[in-house]
Amino acid sequence: MTRNAKINTLLLLVVAALAVLPLALGLGEGKEEPFTGADAQAEAAITELKPDYEPWFTPLYEPPSGEVESALFALQAALGAGVLAYYFGVRKGRRSAADGAPEATPAPAAGAEH
């Protein structure tokens, strides 16, 4: 096994442990929603500290459920990943075309005399 393969395997194991250990150890149990996002936790902290707090504005669109909100977030992430992948793909294609391929000369038109 090469050094890079060992490092990649170790990093993969660390990422897997970070994903699985909180669930396996039961971290967050005893709460209504143990793994909520930062927005929900901030809202709960503000409500606890100052119950009469009124927000400055309301959202333009309030999803009907948490599942719809998660789906919209996943769609946003997928679109962003697609845009980034397209950009880097075009950039790599242009670079490899400029580095490796000889300059293309246009083919003579059909029936053209030399």
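Residues numbered from 1 in each chain as written. Predicted model: local features only at pLDDT ≥ 70, side-chain atom pairs only at ≥ 80, totals over all residues. Heavy atoms only, no water.

> How should the overall build of the protein chain be read in this particular structure?
Helix and strand counts for the protein chain come out as three helices and zero strands. The linear arrangement of helices and strands in the protein chain, starting from the amino end, is α-α-α. The buried share of the protein chain, taken over its 114 residues, is 2%. If you sum the accessible surface of the protein chain, you get close to 10900 Å²; carbon and sulfur atoms cover 64% of it. (Helix = DSSP H or I, 4+ residues; strand = E, 2+ residues; numbered from the N terminus. Buried < 20%, exposed > 50% of the residue type's maximum accessible area, 1.4 Å probe, protein only. Areas by Shrake-Rupley, 256 points an atom, 1.4 Å probe, with all protein chains shown as cover.)

> Explain the environment of glutamate 67 to me, please; I cannot follow it from the model alone.
As for its position among the elements, glutamate 67 is in helix 3 (residues 66-100). A polar side-chain atom of glutamate 67 sits 3.2 Å from a polar atom in the side chain of serine 65. (Polar contact = N/O pair within 3.5 Å; in protein donor to acceptor, adjacent residues only side chain to side chain.)

> Is there a simple way to think about the confidence of the model for the protein chain in this case?
Any segment with low pLDDT has predicted coordinates that should not be analysed in fine detail. Across the protein chain, the average pLDDT comes to 83, with 79% of residues at or above 70. Mean pLDDT across the elements of the protein chain bottoms out in helix 2 (residues 38-49) (85) and peaks in helix 3 (92). (pLDDT = per-residue confidence, 0-100.)

> Looking at this model, I keep getting lost on the packing of aromatic side chains. Mind explaining?
Two descriptors summarise a pair of aromatic rings, namely the distance from one centre to the other and the angle between the planes of the rings. Enumeration according to the criterion identifies one aromatic pair in this entry. A ring pair is formed by tyrosine 87 and phenylalanine 88, whose centres lie 5.2 Å apart and whose planes are at 65°; its orientation type is edge-to-face. (Phe/Tyr/Trp six-rings, centres within 6.5 Å; stacked < 30°, edge-to-face > 60°.)

> Would you mind showing me how to read the environment of isoleucine 46 here?
Mapped onto the elements of the fold, isoleucine 46 is located in helix 2. When residues no more than four places from it in sequence are discounted, the contact partners of isoleucine 46 are Pro51 and Tyr53. (Contact = heavy atoms within 4.5 Å.)

> Whenever I open this one, a nonpolar patch on the surface confuses me. Can you help?
A cluster of nonpolar side chains, Leu60, Tyr61, Leu72, Leu75 and Leu79, forms an exposed patch at the surface whose accessible area comes to about 610 Å². If you trace the backbone, leucine 72 turns up in helix 3. (Patch = residues over 30% accessible without salt bridge, like charges linked within 9 Å, V, L, I, M, F, W, Y side chains within 5 Å. Salt bridge = Lys/Arg side-chain N within 4 Å of Asp/Glu carboxyl O.)

> I keep staring at a negative patch on the surface and nothing clicks. Help me out?
On the surface, Asp39, Glu43, Glu62 and Glu69 cluster together to form a negatively charged patch. Locating glutamate 43 in the fold gives a position in helix 2. (Lys, Arg positive; Asp, Glu negative; His and termini not counted. Charge placed at Lys NZ, Arg CZ, Asp CG, Glu CD.)

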